[in-house]
Amino acid sequence: KKKIVVIGGVAGGATFSSQLRMLDEEAEIVVIEKSGTMSFANCGLPYYLGGYIQDRDQLIAATPESFQKERNIEVRVRHEAVHIDRNQKEVRILDHIGNTQYSESYDSLLLSPGVIPVIPEIEGLSHANCFSLRAFEDMLKIEEQIEAKQFKSVCIVGGGFIGLEMADNLKKRGMNVHLIQRSKHVLSVLDKDMSEIIEEELVKQEIDLHTDTTIQKIEEDGCTLHLTNGQVITADFLILSVGVKPNRYLAEQAGLDIGVTGGVKVNEFMQTSDPAIYAVGDVIETFDFITKQPKRVPLAWVTHRQAYLAARHVTGHPVPYKGSLGTSICKVFTLHAASLGLNEEHLKESGLSYETVVQESNQHAGYYPGAAPLKLKVHFSPEDGKIYGAQAVGKDGVDKRMDVMAAAITGGLTVTDLQEIEIAYAPPFSSPKDPINMIGYKALKKLNKQAH
Ligand code: FAD
C-alpha cells in the first residue's frame, strides 16, 4: 500500500486527503499541520469577528479525531514539516508538542502550506497592536485582544477583499474604522468605475477611507499614525491585509521549480518538478483560463479543485486542470462586488484588443419590492466575441450574474450567446430580459456596427 504525506491540513490538505481516501481505501495517509487547528473555514474568520457567526466551532469542519474515525486519516496538529529530502523520500518533522524531531517517509507528498501575510515596512510598526488574519488562532487572538483591551478604533491597512470584509465586520461591532489603500482605488480586481461604487458605499457607511496613501510612521504610543499624505489619524490597533506571498520555503529548499509569479510550479495534474511531490492551493502557480499565461489565484474554489485533481492523479485517474478564472465575490456592507477573468488593467497588460459593454438596470422587476441597481460589465474580443472577463456590483443578484458568466466562459460561449440564455424569471428574481441577456444584445449591436 502507498504512503502519502500531506503538508498543511486546511483547505487543500484536508480536501486532498478526503478525496484520496474515497479513491483509495488502502493508502496510508498522514497529514502534518503546523497550527493547532485543522480544516477550519478561513473565509469565515472575518464574520466571526463581526458577530455574524456566534459559535466559533461552526468554523471547524473536521477534527483530527473525526478524520481518524470517519476516514482513517491520521492528522498531526502542531507538527511542522521543516525539511524535504527528495532522494530519501523523507520529510523531517518538528513536533511542537513533544519538542522532538522525526522523519516520515513517503511514496507521494502533497504540499498545501498556503501563504504568508506580507508585513509592510512601516517605521514604528513594533509600537502598535498589529494583527494579520490568516489562521484560526489569529482570529482568536484578535477577538481576545479586542475584548481585553477594549479596542474602539481600528486602522485596516489594505483595501482588498479581506480588508473590506474586516471593515464591514469591525464597523458592525461598533468600531471607528480607518481603511488605508496605497493605490487610488480599493478592490483592485475591479475596474475603476466599479471600485468607485464600493468606495461611495464605504463613505456612506462612515468608514474613514484614505486612498492613494499609506502609513509612513507610527508614534511610540502605538496609536498615532502619520500618513504619507500628511494626515495624522489614531487607532487602537491595526489589521494588516496588504497581501500574501506563497509559503514556498520548503519547496524552494527542496529545489523544486518556482514559477515567474513566485508560486511553486506545477503541471496540469498538480505535480511539481519532482513527480513524487504534488502541490495545490495558495502556494502554487497555475495558468490563466483565458490567456494560458502563468497566474496565481489564492482562493478557495481553485484550491479545492486542485486538491481533487491531485487526488485523482495520485490514484491513477488523471483529470487535467483547465486554468483559473479567479472568480471572486465580496460583501461590502449593503453591496456585493464580484469579478472574474481579465479586467481592464490585465487586458491592457496582455495587449489583447477588447470591447466592453455595460448594463445598468435593476436586479429584478422594478415594480417588485426591493428592486435595486445592478451594474454588470463584460469585456470581450471584437474579433470573435470571446468573453475575457466580467464584473458586477449591486445590492443583490450579483452572485447569480457572475456565476452565469463563469459558466458561459467555462463552456466557451461567446458574448453574443448571452442573448440566448433562458434565465429563470419571475418578478422577485429577474426581468424577462435579464442583465445577462442585455449584455448579449448590446454586444451584438456593437459587433454588427463594427462589421459595417
Ligand atoms: P490554507 O488553507 O491556508 O492552509 C495551509 C495550512 O498549512 C495552514 O493551516 C498552515 O498552518 C499549514 N502549514 C504551513 N506550513 C506548514 C508546514 N511547514 N508544516 C505543516 N503545516 C504547515 N477564498 C475565497 O475563495 N473566498 C473567500 O471569501 C475567502 N475569504 C478568506 C478570508 C480570510 C480571512 C482568509 C485568510 C482567506 C480567505 N480566502 C477566501 C482564501 C482561502 O482561504 C484560501 O485560498 C485557501 O484556504 C487556500 O488553501 P491552502 O490549503 O492553500 O492554504
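Quick look at the structure, then. Everything numeric in this text was worked out from a predicted model, so none of it was measured.

A look at the site of the ligand
Residues in contact with the ligand amount to 32 residues; listed here are only the nearest, Gly8, Ala11, Gly12, Gly114 and Gly281. When contributions to the shell around the ligand are tallied by element, the ones reaching two or more residues are helix H1 (11-23), strand S2 (28-33), helix H2 (45-49), strand S4 (79-85) and helix H8 (300-314). Looking at the shell around the ligand residue by residue, the class counts come to 17 nonpolar, ten polar and five charged.

Notes on the sheet that holds strand S1 (residues 3-7)
The strand order across the open sheet formed by five strands is S3-S2-S1-S7-S19, and the pairing between neighbours is parallel. The strands lining the two open edges of the sheet, one partner per strand, are strand S3 (74-77) and strand S19 (277-279). The mean angle between the axes of side-by-side strands here comes to 15°, regardless of whether they run parallel or antiparallel.

Focus: H1
Along its 13 residues, H1 runs 18 Å from first to last C-alpha, staying within 8% of the 18 Å computed at 1.5 Å per residue. By the burial criterion, the buried members of H1 are Ala11, Gly12, Gly13, Ala14, Thr15, Phe16, Ser17, Ser18 and Leu20. On its buried side, H1 packs onto S1, S2, helix H3 (64-71), strand S7 (108-111) and H8.

Section: the sheet that holds strand S5 (residues 90-95)
Taken in spatial order, the three strands make up an open sheet running S4-S5-S6, and their pairing is antiparallel. With one partner strand each, in any of the chains shown, S4 and strand S6 (100-105) form the two edges of the open sheet. Across this sheet, the average inter-strand angle for adjacent strands is 25°, counted without regard to direction. As paired elements, S4 and S5 share six bridges and run antiparallel to each other. Directly across from Glu80, in S5, lies its bridge partner Leu94.

Conventions and cut-offs
Residues numbered from 1 in each chain as written. Predicted model: local features only at pLDDT ≥ 70, side-chain atom pairs only at ≥ 80, totals over all residues. Near = placed C-beta within 6 Å. Helix = DSSP H or I, 4+ residues; strand = E, 2+ residues; numbered from the N terminus. Nonpolar A, V, L, I, M, F, W, Y, C, P; charged D, E, K, R; others polar. Pairing = 2+ DSSP bridges. Axes fitted to C-alpha atoms, helices over the stretch in contact; angles between N-to-C directions. Expected span 1.5 Å × (residues − 1). Buried ≥ 20, exposed ≤ 12 C-beta atoms within 10 Å, placed from the backbone. Contact = placed C-beta atoms within 7 Å.

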